[in-house]
Amino acid sequence: MLKMLSWIVLGIILLLIIIGVLFLNLNPVFGGKADTTLQERFVKSGHYKDGKFVNLITTTMDMKVGDYAGLIADYFKGTPNSQPDGVLPVRPLDSVDLVANADKPSRITWFGHSAILLELEGKNIFIDPMLGDSPSPLPWLGSKRYSDLPIAIEKLPALDAVIISHDHYDHLDYGSILKLKDKVGNFYVPLGVGAHLRSWGVSDDKIHELNWWDQIQMNELTLVCAPARHFSGRGVLDRDQTLWSSWIISSPSTNIYFSGDSGYGPHFAEIGERYGPFDFAMMECGQYDSRWEAIHMMPEQTVQAGIDLKAELIMPIHWGAFTLALHSWTDPVERATAKAQQSGVAVATPIIGEAMILEKNTYSNSRWWESVGNE
């Protein structure tokens, strides 16, 4: 009897292993792998070592045994106010109003987290369009979006470009790409990320993969793939197999920066020296913890990074949509705005769906989150 039970347990374990392997290899959500030609570009990039992409400075996420124990305890204990207890204000968008028009003023619209719609010089550009309900390969296990989107993804007009910062699920969403791919003119991504897009049916001629400091023209706009301090990976065995980045988007009249995900580092000052000053900078601020500070800035560092970049105006992003860390959902914006006020830095805090015109003194700095749940 004991022997039979042992065989049954072993059989179950083997079955689970087989299911897991099949899931990781057959589920399209995990994306694709770079071919030999692309891997040759990796080696020549200057940021690829021992089969993995690396940061400009030493960046480790190794935690001690005590850190892991504390992290598990913290997750079980939970965090007060980790999610909104009321309805977030969302300003609906009209698809007709979003149709590209060269005579329109340039605008930036936040969709929550790091998803940004940029209307610039008559072009519609979506940055990190994670428009799904949950940033996870298993949506029923992941954090749920706090609010509705300002417009359904199906109602978005044609997009001239989509820009991706890296391949994590809260920035590169399989379901969103499937719905967007046929209405997007071009995809601009860091090295390696194009393999995911190709595996999801995006035409190769639409995909432009860039190394750090690579520059590409999009009509009168200049796009620069700039460094960030982070990591990548969508599965169990593909850690750091694609590059992560920040982005510079410049027009004849406006200079814009998008941080992607990043720990604080000297790259911000270098970007500021090379390409600053910036009129507007969208800066990561959220999903941080002192235990992984190397790859996600603390809010006070977000403000300092904006100063390093020589940014006239910064907007905290990477918050307001999902709970992916152990701080309260309002902690990022509270801490960042407090530091900004202390440092004399202008901060934009629009509600989701609020289109901000890229001109001086037209940005929103309301403290809308304070009224959520208090009606």
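Residues numbered from 1 in each chain as written. Predicted model: local features only at pLDDT ≥ 70, side-chain atom pairs only at ≥ 80, totals over all residues. Heavy atoms only, no water.

Quick notes on the overall build of the protein
Consideration 1: Within the protein one finds 8 helices and 16 strands.
Consideration 2: Out of the 375 residues in the protein, the part that is buried amounts to 52%.
Consideration 3: Excluding contacts between residues fewer than 6 apart, the proportion of contacts in the protein whose partners are at least 24 apart in sequence is 70%.
Consideration 4: For the protein, the exposed area adds up to about 17,100 Å²; of that, 56% sits on carbon and sulfur atoms. (Helix = DSSP H or I, 4+ residues; strand = E, 2+ residues; numbered from the N terminus. Buried < 20%, exposed > 50% of the residue type's maximum accessible area, 1.4 Å probe, protein only. Contact = heavy atoms within 4.5 Å. Areas by Shrake-Rupley, 256 points an atom, 1.4 Å probe, with all protein chains shown as cover.)

Details of the packing of aromatic side chains
Consideration 1: In this structure the tally under the stated criterion is 16 aromatic pairs.
Consideration 2: Grouped by ring-pair contacts, the aromatic residues Trp110, Tyr146, Trp319, Trp329, Trp368 and Trp369 constitute a single cluster.
Consideration 3: Seen from the ring of Tyr169, Arg234 lies directly overhead, with NZ or CZ sitting 4.1 Å from the centre.
Consideration 4: Taking NZ or CZ as reference, Arg274 lies 3.8 Å from the ring centre of Trp213, over its face. (Phe/Tyr/Trp six-rings, centres within 6.5 Å; stacked < 30°, edge-to-face > 60°. Lys NZ or Arg CZ within 6 Å of the ring centre and 35° of its normal.)

With respect to the environment of Ile151
Consideration 1: Relative to the elements of secondary structure, Ile151 occurs in the loop between strand 5 (123-127) and strand 6 (159-163).
Consideration 2: For the pair Ile151 and Asp94, spaced 57 residues apart in sequence, the C-alpha to C-alpha distance is 7.3 Å.
Consideration 3: Leaving out residues up to four positions away in the same chain, Ile151 has contacts with Leu93, Asp94, Ser95, Leu98, Phe111 and Leu156.

Considering the nonpolar core
Consideration 1: Grouped together as the largest cluster of nonpolar side chains are 65 residues, with contacts concentrated most on Met282 and Met315.
Consideration 2: Of the residues forming this core, the biggest block, 5 residues, is contributed by strand 10 (residues 221-226).
Consideration 3: Excluding its chain neighbours within four sequence positions, the residues that come into contact with Met315 are Ile108, Trp110, Ile116, Phe280, Ala281, Met282, Met283, Ala348, Pro350 and Met356. (Core = buried A, V, L, I, M, F, W, Y, C linked by side-chain atoms within 4.5 Å.)

Side note on the sheet that holds strand 10
Consideration 1: Read across the open sheet, the 7 strands follow the order 9-10-11-12-13-14-15; overall the sheet is mixed. In this open sheet, the two edge strands, each paired with only one partner strand, are strand 9 (215-218) and strand 15 (346-347).
Consideration 2: The sheet contact formed by strand 11 (residues 246-250) and strand 12 (residues 255-258) spans 4 bridges and is antiparallel. From the neighbouring strand, Ile248 faces strand 12, where its bridge partner is Tyr257.
Consideration 3: The strands touched by helix 7 (residues 299-308) within the sheet are strand 13 (280-284) and strand 14 (313-317), with strand 13 carrying the most contacts at an inclination of about 150°. (Pairing = 2+ DSSP bridges. Axes fitted to C-alpha atoms, helices over the stretch in contact; angles between N-to-C directions.)

Some details on the sheet that holds strand 3 (residues 107-110)
Sheet strands pair via backbone hydrogen bonds, and the direction of the pair is either parallel or antiparallel.
Consideration 1: Ordered in space as 8-7-6-5-4-3-16, the 7 strands form an open sheet in which the pairing is mixed. Only two strands of the sheet have a single partner each, and these edge strands are strand 8 (207-210) and strand 16 (355-357). In this sheet, neighbouring strand axes are inclined to one another by 20° on average, regardless of whether the strands run parallel or antiparallel.

Notes on the side chain of Ser143
Consideration 1: Turning to its location among the elements, Ser143 is positioned in the loop between strand 5 and strand 6.
Consideration 2: You can call Ser143 buried: its relative accessible area is 16%.
Consideration 3: Here the side chain of Ser143 touches Thr323 through a polar contact of 3.0 Å, landing on its backbone nitrogen.
Consideration 4: Here Ser143 is in contact with Asp133, Ser134, Pro135, Phe322, Thr323 and Leu324, once residues within four sequence places are set aside. (Polar contact = N/O pair within 3.5 Å; in protein donor to acceptor, adjacent residues only side chain to side chain.)

Here's the deal with the confidence of the model for the protein
Consideration 1: Residue-level pLDDT values for the protein average 90, and 90% of them are 70 or greater.
Consideration 2: Taken as a whole, residues 16-23 scores under 50 in pLDDT and shows 4 contacts with residues more than four places along the chain or in a different chain. (pLDDT = per-residue confidence, 0-100.)

Details of the pairing of strand 11
Consideration 1: Within strand 11, 5 of the 5 residues are buried, which leaves it mostly tucked inside the rest of the structure.
Consideration 2: Alternating positions in strand 11 separate into two faces, Ser246, Ile248 and Ser250 on one and Trp247 and Ile249 on the other, with burial throughout.
Consideration 3: As paired elements, strand 10 and strand 11 share 5 bridges and run antiparallel to each other. Pairing of Thr222 across the sheet is with Ser250, part of strand 11.

Structural notes on the packing of helix 7 against helix 8 (residues 331-343)
Consideration 1: Remark: helix 7 packs on helix 8, axes separated minimally by 7 Å, with the N-to-C direction vectors making an angle of 45°. As the angle between them shows, helix 7 and helix 8 are arranged oblique. Two packed elements cross with a definite hand, and for helix 7 against helix 8 that hand is right-handed. Here Pro299, Glu300, Val303 and Ile307 of helix 7 lie close against helix 8, whose contacting residues are Pro332, Arg335, Ala336, Lys339, Ala340 and Ser343.
Consideration 2: Among the residues making up the contact of helix 7 with helix 8, the classes are represented as 6 nonpolar, 1 polar and 3 charged. (Parallel < 35°, antiparallel > 145°, perpendicular 65-115°, else oblique. Left-handed = near helix turned anticlockwise from the far one by under 90°. Nonpolar A, V, L, I, M, F, W, Y, C, P; charged D, E, K, R; others polar.)

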